[in-house]
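Close look at the chain arrangement
What follows is the residue order along each chain.
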2 protein chains.
Amino acid sequence: MSLEKFMSDAISPWMKENGPDCDIVMSSRIRLARNFENRTFPLIAKAEDLDDVLNFFQDSYQDASFKDRGQMQFVRIADLSPIEKKVFVEKHLISPHLAEHAEEAGVLLSESEQVSIMVNEEDHLRIQLYLPGFQLQKALQEAFEVDDWLEQKITYAFDEERGYLTTCPTNVGTGLRASVMMHLPALTMTHQMNRLTPAINQLGLVVRGIYGEGSEAQGNIYQISNQITLGKSEQDIVEDLESVVSQLVEQERQARQTLTEELSIQLEDRIFRSYGTLRYSRIIESKEAATCLSDVRLGIDLGYIEDMPQSILNELMVLIQPGFLQHYANRSLSGRERDVLRASLIRERMHLENN
Amino acid sequence: MSLEKFMSDAISPWMKENGPDCDIVMSSRIRLARNFENRTFPLIAKAEDLDDVLNFFQDSYQDASFKDRGQMQFVRIADLSPIEKKVFVEKHLISPHLAEHAEEAGVLLSESEQVSIMVNEEDHLRIQLYLPGFQLQKALQEAFEVDDWLEQKITYAFDEERGYLTTCPTNVGTGLRASVMMHLPALTMTHQMNRLTPAINQLGLVVRGIYGEGSEAQGNIYQISNQITLGKSEQDIVEDLESVVSQLVEQERQARQTLTEELSIQLEDRIFRSYGTLRYSRIIESKEAATCLSDVRLGIDLGYIEDMPQSILNELMVLIQPGFLQHYANRSLSGRERDVLRASLIRERMHLENN
């Protein structure tokens, strides 16, 4: 497979688009947890119950059209190879949980992969909607439209007092998790994230690494989301998150400004050394690659690097993951083989850009 | 000053030429220590005695022609600025000792800078002759020709039994120091130099770094020379050194072969990371630069890097020295300023090569 073809398969089309504040906010995501009324929730359901849900969903929505998003595509997770499952997780189309409990699970995807609806995850339905940059309000409106569209054929488990009912009590109420993926290299370099994270947690928000709970902030990318789903309206939840994200954007901008003023040459040195490493290394571990990609992306944002697009960070952060590398090689690879292929793909990708 | 102009001033013309085994032996040097008969040797001489020697030498040889080497140029060290003195040392045209005792000292240089005759160093005369690559025999013959040419007007201090008389007893006899500059990255990487150095010392030879006694082997460059000057003919001294150098050349070739066979991808990774560092860093210390240059030179020798000439190592090893950097900047520089200018010159030099 040529790298160009692979890339166009590998990267969700929406990832290449720009959005507001996209120098810092890479993407906005809304996730809604929903369950069918009068059906056992997935965690304790029997296989035939799960199968019923899956079949109903496939029959109702396979190839259906939703607004201008083109034909929806339904995928049974059990039909995916182990490597394909990894790739779906690395593209954030499905959760690791769904990949691990694949027997009766599925996902409905829009053409641009901006909408993904997981079936029989922890809840019957997990509606996800992504937008590039910082646009949580718009993402919430669009997620509601998807929700309304599904509701035309489904009656949700809903309680007048408690709102949407979910498997895990932490999701009850709105069933909403709003999150943004932020690139915060300057706040990380200046050690401010260590101080800010506990403060953000105290506001009822959670700070995580790029691949969710427990994952390290590879490449200085942080996922920030609401913890509380109950007792507040969806609108309030999103506004509270927006307010914190806006402040972080402002602080990151200030930290970048300070770095360029006070440590200009050191910063430039760090950025260009990382650029050189990505362009020339022959063996590279994912952690080093992520750090270098973060530096290069910062260099692009600050105008030091002019021959690479901003989207290179988003693209390559996905491309360098183990699942993708093995998908590209079309076989499983040892750690060392992955490090060699990772270096080679990064070089090729950057070379494409120069030509 | 443009870098191209500076380079052509900075690098001795002979350094750009190739010689036998020049993938490993960078240069061959013969040095002959000579003193005037009936004059006090420099170490204990009065200023007027030294001045006499200097004036005689200047009157006799300034603008003289020697064979096809063009006009000789005489330089009084006292006329050089502190930075120019450093540059002369870094080009190996004069010794650090001569630069430090500059009052009554001089140097006679051939156009290509292959012949340099220091006046009033530890001895009245120190004749140096350089050739590219491994050609000690030829260098010895040419040094003898210079010696004969000088002897037409000078009577040397010579004793039938002891040979040429010198200030330091370690030079008495032939007054000869033969040396080669070798690039031994593979023997260094495989830790064989630690084992070989004491064995070479036991044969009456000395292993040093690129800038002589006590200097570290920056850039995996080693200077190997004879210790003994008495009791052997010049021919024998050179043959003994040649024999050891030939063996080292052979062992370095074998070590390179083994490295490429057993650690191919690791070696390539190391070489190209160094290449990337040189091409993109904005701050670089001389030690790191020397290591990277050594890696890149090895990469050229092994055919991994095709867009750079072999001579880049020899050139840049001189160019990155503090004296040169300050000569280029035309003022004295702090350590950090040097690191920034070093990185900038290396980038520019490599860029010239690509265009």
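Structure first, text after, so check above.
Note that the structure is predicted; figures quoted are calculated from it, not measured. (Residues numbered from 1 in each chain as written. Chains lettered and ligands numbered in written order. Predicted model: local features only at pLDDT ≥ 70, side-chain atom pairs only at ≥ 80, totals over all residues. Heavy atoms only, no water.)

1. A short note on the pattern of salt bridges
Residues and elements named next belong to chain A. Taken as a whole, this structure holds 43 salt bridges over all chains when the rule is applied. We note a salt bridge from glutamate 252 to arginine 256, for which the minimum N-O separation is 2.6 Å. Note that glutamate 252 and arginine 256 are positioned in helix 8 (residues 234-262) at a spacing of four residues, about one turn of the helix. Each member of the salt-bridge network shares a partner with another, and the members are Glu121, Glu122, Asp123 and Arg126. (Salt bridge = Lys/Arg side-chain N within 4 Å of Asp/Glu carboxyl O. Helix = DSSP H or I, 4+ residues; strand = E, 2+ residues; numbered from the N terminus.)

2. What to know about helix 11 (residues 312-319) of chain B
Along an α-helix, residues three or four positions apart point the same way, because every turn accommodates 3.6 residues. With eight of its eight residues buried, helix 11 of chain B lies for the most part within the structure. Among the residues of helix 11 of chain B, Ile312(B), Leu313(B), Asn314(B), Glu315(B), Leu316(B), Met317(B), Val318(B) and Leu319(B) are the ones counted as buried. (Buried < 20%, exposed > 50% of the residue type's maximum accessible area, 1.4 Å probe, protein only.)

3. Quick word on the packing of aromatic side chains
Going through the model one piece at a time under the given rule, you end up with 22 aromatic pairs over all chains. Here Phe272(A) and Tyr275(A) contribute two aromatic rings whose centre-to-centre distance is 6.2 Å and whose plane-to-plane angle is 70°, an arrangement assigned as edge-to-face. Highlighted residues: Phe272(A) and Tyr275(A), both in helix 9 (residues 264-280), separated by three residues, approximately one helical turn. Of the residues examined, Phe272(A) reaches a relative accessible area of 8% and is grouped as buried. Taken together, the ring pairs in this structure connect Phe272(A), Tyr275(A), Tyr280(A), Phe272(B), Tyr275(B) and Tyr280(B) into an aromatic cluster. Note that Arg34(A) overlies the ring of Tyr156(A), its terminal NZ or CZ placed 5.7 Å from the centroid. Positioned above the aromatic ring of Phe272(A) is the side chain of Arg282(B), whose terminal nitrogen or guanidinium carbon lies 3.6 Å from the ring centre. (Phe/Tyr/Trp six-rings, centres within 6.5 Å; stacked < 30°, edge-to-face > 60°. Lys NZ or Arg CZ within 6 Å of the ring centre and 35° of its normal.)

4. Considering the pairing of strand 3 (residues 106-109) of chain A
All names here are of chain A. Burial along strand 3 is two-sided: the residues Gly106 and Leu108 and Val107 and Leu109 are all buried. Judged from the four bridges that link them, strand 2 (residues 73-76) and strand 3 form a sheet pairing that is antiparallel. Among the inter-strand pairings, arginine 76 is bridged to a residue of strand 3, identified as glycine 106. By the bridge criterion, four bridges tie strand 3 to strand 4 (residues 115-119) in an arrangement that is antiparallel. Residue pairing in the sheet places valine 107 in a bridge with methionine 118 of strand 4. The hairpin formed by strand 3 and strand 4 contains five residues between the paired strands, and glutamate 113 there has a positive phi angle of roughly 65°. (Pairing = 2+ DSSP bridges.)

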